[in-house]
Amino acid sequence: MAGLIEFTTADLAILQKFLKERDRVVANSMKRRVRAAAEPVAVAVRASAEGMGLNRAAGAVKVRTAYGLKTAKVAVTVDRKQAPYARPIDKGSKGAAGYNRHPVFADPSKERSEWTWVNQPVRAFFEDGIAVGVPAAEVELAKVITDIVGELA
């Protein structure tokens, strides 16, 4: 896309530090705008979770930003306290990429090997949502950085 600036998270941290020293209002504005630019990813992850019937997981999707001296981070997360079962559903059991293995009616008086175990297919709502939302978020984030740099000029 013409006229957009390419940057890394280190560049974002440098820009945030520069803005903080120069103009705190613009720096705070950038934080809000960066978080808003990442929202298409969160929307796609929520839609993916809702499409699989994981309403608690959909409600637990958040966009978080963190700025340090040398790095910056924009993350889309699923709050494990709000949706404690969302993370295990998204990834398979150790060594089994396509499913989770778990016991049915586990009996503590028996050995684990004697329990009845079943396979539960994973529901990869997070990766599916990320794949859909990232392209739009990249464009939005590039626009935000381009606008901020334009305001400084």
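Before going into details, it helps to say that this report is about the structure given with it. (Residues numbered from 1 in each chain as written. Predicted model: local features only at pLDDT ≥ 70, side-chain atom pairs only at ≥ 80, totals over all residues. Heavy atoms only, no water.)

**Thoughts on the overall build of the chain**
No. 1: Each helix and strand in the chain was counted, giving 6 helices and 4 strands.
No. 2: Going residue by residue from the N terminus, the α and β elements of the chain occur as α-α-α-α-β-β-α-β-β-α.
No. 3: Expressed as a percentage of contacts within the chain between residues at least 6 apart in sequence, the contacts between residues at least 24 apart total 58%.
No. 4: Surface exposure of the chain reaches about 9,900 Å², of which carbon and sulfur atoms provide 56%. (Helix = DSSP H or I, 4+ residues; strand = E, 2+ residues; numbered from the N terminus. Contact = heavy atoms within 4.5 Å. Areas by Shrake-Rupley, 256 points an atom, 1.4 Å probe, with all protein chains shown as cover.)

**A look at the packing of aromatic side chains**
No. 1: For the coordinates displayed, the defined rule picks out 2 aromatic pairs.
No. 2: Consider the rings of W115 and W117, whose centres lie 6.1 Å apart with planes at 25°: the pair is stacked.
No. 3: Using a relative accessible area of 16% as the deciding quantity, one classes W115 as buried.
No. 4: Classification of W117 as partly exposed rests on a relative accessible area of 27%. (Phe/Tyr/Trp six-rings, centres within 6.5 Å; stacked < 30°, edge-to-face > 60°. Buried < 20%, exposed > 50% of the residue type's maximum accessible area, 1.4 Å probe, protein only.)

**Regarding the nonpolar core**
No. 1: Within the largest apolar cluster, 16 residues are counted, with the highest numbers of intra-cluster contacts made by V45, A49, A57, V76 and F125.
No. 2: Looking at this core, the element that brings in the most residues is helix α3 (residues 39-51), giving 4 residues.
No. 3: Residue contacts for V76: discarding those within four places in its chain leaves A38, V41, A42, V45, V61, K62, V63 and F126.
No. 4: Core analysis: the next-biggest nonpolar cluster, separate from the first, contains 14 residues, A13, L19, M30 and V144 among them. (Core = buried A, V, L, I, M, F, W, Y, C linked by side-chain atoms within 4.5 Å.)

**Comments concerning the environment of G59**
No. 1: Looking at where G59 falls in the secondary structure, it is placed in helix α4 (residues 55-59).
No. 2: Each C-alpha atom of the pair G59 and V78 lies 8.5 Å from the other, and the pair is 19 residues apart in sequence.

**Details of the pattern of salt bridges**
No. 1: The tally for this structure, following the rule as stated, stands at 3 salt bridges.
No. 2: The shortest N-O distance in the salt bridge between E39 and R46 comes to 2.8 Å.
No. 3: For K143, the salt bridge identified is with E140, shortest N-O distance 3.8 Å. With K143 and E140 both in helix α6 (residues 125-152), this residue pair falls 3 residues apart, about one helical turn.
No. 4: Note on E140: relative accessible area 33%, which makes it partly exposed. (Salt bridge = Lys/Arg side-chain N within 4 Å of Asp/Glu carboxyl O.)

Remember, this is a structural readout, not a statement about activity or role.
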